[in-house]
Amino acid sequence: NLYIAYKNIVRDFDYDVYRCRSIAGYNLGNACVTRKSSDSAANYFNTAFSDINISIEKFPASADNYFQRGYIYFQLKKYKEAITDFNQSDKLLPNQFQVYFWRGFAKYCLKMLEEAVADYTLALQQNAKDPATFINRSTVYYELKDYPKAFKDYCSAGDLGQALNKEYFFKLKALAGK
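Now for a look at the structure at hand. No experiment lies behind these values; they were computed from the predicted model shown. (Residues numbered from 1 in each chain as written. Predicted model: local features only at pLDDT ≥ 70, side-chain atom pairs only at ≥ 80, totals over all residues. Heavy atoms only, no water.)

Some details on unusual backbone geometry
Filter applied, for reference: A helix here means a DSSP run of H or I that spans at least four residues, while a strand means a run of E at least two residues long, and both kinds are numbered starting from the N terminus.
For Asn-95, which is not glycine, the phi dihedral falls at a positive 65°. With respect to the element layout, Asn-95 can be found in the loop between helix H4 (79-92) and helix H5 (97-109). Phi angles above zero are rare outside glycine, and Lys-145 is one such case at about 65°. Here Lys-145 is to be found in the loop between helix H7 (131-143) and helix H8 (147-159).

Pasting the structure below:
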(Lines give C-alpha, C1' and ligand atoms only; values in the text may rest on other atoms or scores of the structure.)
Protein backbone atom coordinates (compact mmCIF):
# COMPACT_ATOMS: atom_id res chain seq x y z
CA ASN A 1 0.00 0.00 0.00
CA LEU A 2 2.84 2.38 0.78
CA TYR A 3 4.39 1.72 -2.63
CA ILE A 4 1.08 2.45 -4.39
CA ALA A 5 0.67 5.69 -2.43
CA TYR A 6 4.25 6.72 -3.32
CA LYS A 7 3.67 5.86 -6.99
CA ASN A 8 0.51 8.01 -7.05
CA ILE A 9 2.34 10.95 -5.45
CA VAL A 10 5.15 10.72 -8.03
CA ARG A 11 2.61 10.40 -10.86
CA ASP A 12 0.73 13.50 -9.66
CA PHE A 13 4.01 15.38 -9.24
CA ASP A 14 5.11 14.50 -12.79
CA TYR A 15 1.75 15.65 -14.13
CA ASP A 16 2.01 18.98 -12.29
CA VAL A 17 5.65 19.53 -13.33
CA TYR A 18 5.04 19.07 -17.06
CA ARG A 19 1.77 20.99 -17.02
CA CYS A 20 3.26 23.90 -15.05
CA ARG A 21 6.33 23.99 -17.27
CA SER A 22 4.06 24.07 -20.31
CA ILE A 23 2.02 26.97 -18.92
CA ALA A 24 5.18 28.85 -17.96
CA GLY A 25 6.68 28.32 -21.43
CA TYR A 26 3.50 29.53 -23.05
CA ASN A 27 3.35 32.65 -20.85
CA LEU A 28 7.00 33.45 -21.53
CA GLY A 29 6.38 32.99 -25.24
CA ASN A 30 3.51 35.49 -25.07
CA ALA A 31 5.76 37.96 -23.25
CA CYS A 32 8.34 37.63 -26.04
CA VAL A 33 5.68 38.20 -28.71
CA THR A 34 4.62 41.36 -26.87
CA ARG A 35 8.23 42.52 -26.86
CA LYS A 36 8.64 41.55 -30.53
CA SER A 37 11.28 38.95 -29.78
CA SER A 38 10.02 36.24 -32.12
CA ASP A 39 13.04 33.90 -31.84
CA SER A 40 12.68 33.71 -28.07
CA ALA A 41 8.90 33.32 -28.38
CA ALA A 42 9.33 30.37 -30.74
CA ASN A 43 11.68 28.69 -28.26
CA TYR A 44 9.22 29.12 -25.38
CA PHE A 45 6.26 27.92 -27.43
CA ASN A 46 8.25 24.87 -28.54
CA THR A 47 9.11 24.13 -24.91
CA ALA A 48 5.46 24.55 -23.93
CA PHE A 49 4.38 22.12 -26.65
CA SER A 50 7.08 19.66 -25.74
CA ASP A 51 6.07 19.68 -22.08
CA ILE A 52 2.33 19.46 -22.67
CA ASN A 53 2.89 16.64 -25.18
CA ILE A 54 4.93 14.74 -22.57
CA SER A 55 2.14 15.29 -20.07
CA ILE A 56 -0.44 14.01 -22.58
CA GLU A 57 1.75 11.00 -23.34
CA LYS A 58 2.07 10.19 -19.62
CA PHE A 59 -1.53 11.08 -18.74
CA PRO A 60 -3.70 10.54 -21.82
CA ALA A 61 -6.89 10.51 -19.73
CA SER A 62 -6.39 14.10 -18.56
CA ALA A 63 -9.00 16.39 -20.08
CA ASP A 64 -7.07 19.35 -18.69
CA ASN A 65 -3.97 18.46 -20.73
CA TYR A 66 -5.96 18.46 -23.96
CA PHE A 67 -7.65 21.72 -23.02
CA GLN A 68 -4.26 23.31 -22.29
CA ARG A 69 -2.77 22.20 -25.59
CA GLY A 70 -5.91 23.28 -27.43
CA TYR A 71 -5.64 26.70 -25.83
CA ILE A 72 -2.01 26.99 -26.93
CA TYR A 73 -3.00 25.99 -30.47
CA PHE A 74 -5.74 28.62 -30.38
CA GLN A 75 -3.32 31.35 -29.34
CA LEU A 76 -1.06 30.32 -32.21
CA LYS A 77 -4.03 30.56 -34.61
CA LYS A 78 -3.99 26.81 -35.29
CA TYR A 79 -7.75 26.60 -34.96
CA LYS A 80 -8.35 23.14 -36.44
CA GLU A 81 -5.80 21.60 -34.08
CA ALA A 82 -7.32 23.54 -31.19
CA ILE A 83 -10.78 22.19 -32.00
CA THR A 84 -9.44 18.62 -32.14
CA ASP A 85 -7.93 18.98 -28.66
CA PHE A 86 -11.01 20.73 -27.25
CA ASN A 87 -13.12 17.85 -28.62
CA GLN A 88 -10.85 15.33 -26.87
CA SER A 89 -11.04 17.30 -23.63
CA ASP A 90 -14.84 17.36 -23.88
CA LYS A 91 -14.91 13.62 -24.58
CA LEU A 92 -12.84 12.92 -21.47
CA LEU A 93 -14.70 15.38 -19.23
CA PRO A 94 -17.96 16.74 -20.64
CA ASN A 95 -19.65 20.01 -19.69
CA GLN A 96 -16.62 22.26 -19.26
CA PHE A 97 -17.45 25.92 -19.76
CA GLN A 98 -13.93 26.83 -20.93
CA VAL A 99 -13.86 24.05 -23.53
CA TYR A 100 -17.13 25.21 -25.08
CA PHE A 101 -16.11 28.87 -24.96
CA TRP A 102 -12.73 28.40 -26.64
CA ARG A 103 -13.97 25.78 -29.10
CA GLY A 104 -16.74 28.21 -30.08
CA PHE A 105 -14.16 30.95 -30.53
CA ALA A 106 -11.97 28.68 -32.69
CA LYS A 107 -14.98 27.75 -34.82
CA TYR A 108 -15.86 31.42 -35.19
CA CYS A 109 -12.31 32.12 -36.42
CA LEU A 110 -12.78 29.41 -39.05
CA LYS A 111 -16.17 30.92 -40.01
CA MET A 112 -18.00 27.82 -38.77
CA LEU A 113 -20.67 30.18 -37.52
CA GLU A 114 -23.59 27.85 -36.76
CA GLU A 115 -21.25 25.52 -34.87
CA ALA A 116 -19.81 28.47 -32.96
CA VAL A 117 -23.31 29.48 -31.84
CA ALA A 118 -23.93 25.93 -30.65
CA ASP A 119 -20.73 25.92 -28.57
CA TYR A 120 -21.41 29.35 -27.08
CA THR A 121 -24.90 28.14 -26.17
CA LEU A 122 -23.38 25.12 -24.42
CA ALA A 123 -20.96 27.44 -22.59
CA LEU A 124 -23.85 29.58 -21.40
CA GLN A 125 -25.65 26.48 -20.12
CA GLN A 126 -22.60 25.95 -17.89
CA ASN A 127 -22.17 29.61 -16.92
CA ALA A 128 -25.04 31.94 -17.75
CA LYS A 129 -23.31 34.89 -16.10
CA ASP A 130 -20.32 35.25 -18.40
CA PRO A 131 -20.65 38.49 -20.37
CA ALA A 132 -17.78 37.58 -22.74
CA THR A 133 -19.74 34.57 -23.98
CA PHE A 134 -22.77 36.74 -24.69
CA ILE A 135 -20.57 39.27 -26.52
CA ASN A 136 -18.96 36.54 -28.62
CA ARG A 137 -22.27 34.87 -29.46
CA SER A 138 -23.71 38.30 -30.31
CA THR A 139 -20.85 38.82 -32.76
CA VAL A 140 -21.57 35.48 -34.43
CA TYR A 141 -25.29 36.27 -34.67
CA TYR A 142 -24.36 39.60 -36.22
CA GLU A 143 -22.30 37.86 -38.90
CA LEU A 144 -25.22 35.48 -39.49
CA LYS A 145 -27.39 38.60 -39.92
CA ASP A 146 -29.64 37.46 -37.06
CA TYR A 147 -29.78 40.95 -35.63
CA PRO A 148 -32.53 40.42 -33.02
CA LYS A 149 -30.50 37.64 -31.38
CA ALA A 150 -27.30 39.67 -31.71
CA PHE A 151 -28.97 42.60 -29.99
CA LYS A 152 -30.47 40.41 -27.25
CA ASP A 153 -27.09 38.84 -26.43
CA TYR A 154 -25.36 42.23 -26.50
CA CYS A 155 -27.93 43.57 -24.03
CA SER A 156 -27.48 40.46 -21.84
CA ALA A 157 -23.76 41.20 -21.63
CA GLY A 158 -24.60 44.75 -20.57
CA ASP A 159 -27.03 43.47 -17.95
CA LEU A 160 -24.15 41.42 -16.52
CA GLY A 161 -21.97 44.51 -16.13
CA GLN A 162 -20.07 44.48 -19.41
CA ALA A 163 -19.32 48.00 -20.64
CA LEU A 164 -21.03 48.39 -23.99
CA ASN A 165 -20.08 50.53 -26.96
CA LYS A 166 -23.02 52.92 -27.29
CA GLU A 167 -22.54 53.49 -31.01
CA TYR A 168 -22.56 49.74 -31.68
CA PHE A 169 -25.52 49.30 -29.29
CA PHE A 170 -27.64 51.76 -31.26
CA LYS A 171 -26.53 50.25 -34.58
CA LEU A 172 -27.57 46.77 -33.39
CA LYS A 173 -30.80 48.13 -31.96
CA ALA A 174 -31.72 49.67 -35.32
CA LEU A 175 -30.78 46.52 -37.25
CA ALA A 176 -32.88 44.45 -34.84
CA GLY A 177 -35.85 46.74 -35.45
CA LYS A 178 -36.12 47.79 -31.81
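Some points on the packing of aromatic side chains
We apply this condition: Two aromatic rings from Phe, Tyr or Trp, using only the six-membered ring of Trp, form a pair when their centres are within 6.5 Å; if the ring planes differ by under 30 degrees the pair is stacked, by over 60 it is edge-to-face, and anything between is tilted. Only protein chains enter the accessibility calculation, which uses a 1.4 Å probe. A residue is then buried if its area is under 20% of the maximum for its type, exposed if over 50%, and partly exposed in between. Remark: a charge is flagged as sitting over a ring if the NZ atom of Lys or the CZ atom of Arg is within 6 Å of the ring centre and within 35 degrees of the ring normal.
Scanning the model with the defined rule gives 16 aromatic pairs in all. Ring centres 5.6 Å apart and planes at 35° place the aromatic pair Phe-67 and Phe-86 in the tilted group. With Phe-67 in helix H3 (residues 63-75) and Phe-86 in helix H4, the pair connects residues that are 19 residues apart, well separated along the chain. The exposure class of Phe-86 is buried, given its relative accessible area of 0%. Aromatic side chains Phe-74 and Phe-105 sit 5.0 Å apart centroid to centroid with 50° between the ring planes, which places their arrangement in the tilted category. Of this pair, Phe-74 sits in helix H3 while Phe-105 sits in helix H5, and the two are 31 residues apart along the sequence. Relative accessible area serves as the criterion here: at 7%, Phe-74 is assigned to the buried category. Three or more aromatic residues link up through ring pairs in this structure, and these residues are Phe-67, Tyr-71, Phe-74, Tyr-79, Phe-86, Phe-97, Phe-101, Trp-102, Phe-105 and Tyr-120. The cationic tip of Lys-111 hangs over the ring face of Tyr-108; the distance from NZ or CZ to the ring centre is 4.8 Å.

Looking at H4
Short version of the rule: Expected helix span is computed as 1.5 Å times (number of residues minus one). The arc in question is the one spanned by the directions pointing from the helix axis to the C-beta atoms. Only heavy atoms matter for contacts: two residues are in contact if any of them lie within 4.5 Å across the pair.
The terminal C-alpha atoms of H4, which comprises 14 residues, lie 20 Å apart, in line with the 20 Å expected from a rise of 1.5 Å per residue. For H4, the set of buried residues is Tyr-79, Ala-82, Ile-83, Asp-85, Phe-86, Ser-89 and Asp-90. An end-on view of H4 places all buried positions within 170° of arc, on one side of the element. With respect to the buried face of H4, the exposed residues turned more than 90 degrees away are Lys-80, Thr-84 and Lys-91. Here the buried face of H4 lies against H3 and H5.

Looking at the nonpolar core
Inclusion rule: Here, nonpolar core refers to any group of buried Ala, Val, Leu, Ile, Met, Phe, Trp, Tyr and Cys residues whose side-chain atoms link them within 4.5 Å.
Phe-74, Phe-86, Phe-101, Trp-102 and Val-140 are the most contacted members of the largest nonpolar core, which totals 32 residues. Secondary-structure elements contributing two or more residues to this core are helix H2 (38-58), H3, H4, H5, helix H6 (113-126), H7 and H8. If one sorts the elements of this core by residue count, H5 sits on top with seven residues. With near-sequence residues (within four places) excluded, Phe-74 lies in contact with Tyr-79, Ala-82, Trp-102, Phe-105, Ala-106 and Cys-109.

Some remarks on the packing of H5 against H6
Our working definition: Orientation is described by lines fitted to C-alpha atoms, with helices fitted over the stretch in contact, and by angles between N-to-C directions that extend from 0 to 180 degrees. Each angle is binned into one of four classes, with values under 35 degrees roughly parallel, values over 145 roughly antiparallel, values of 65 to 115 roughly perpendicular, and all other values oblique. By convention, the crossing between two helices is left-handed when the near helix turns anticlockwise from the far helix through less than a right angle, and right-handed when the turn is clockwise.
Here H5 crosses H6 at 160°, and the two axes come no closer than 8 Å. As judged from the angle between their axes, H5 and H6 are roughly antiparallel. The hand of the H5/H6 crossing is left-handed. Where H5 approaches H6, its residues Phe-97, Tyr-100, Phe-101, Arg-103, Gly-104, Phe-105, Lys-107 and Tyr-108 are matched on the opposing element by Leu-113, Glu-115, Ala-116, Asp-119, Tyr-120, Leu-122, Ala-123 and Gln-126.

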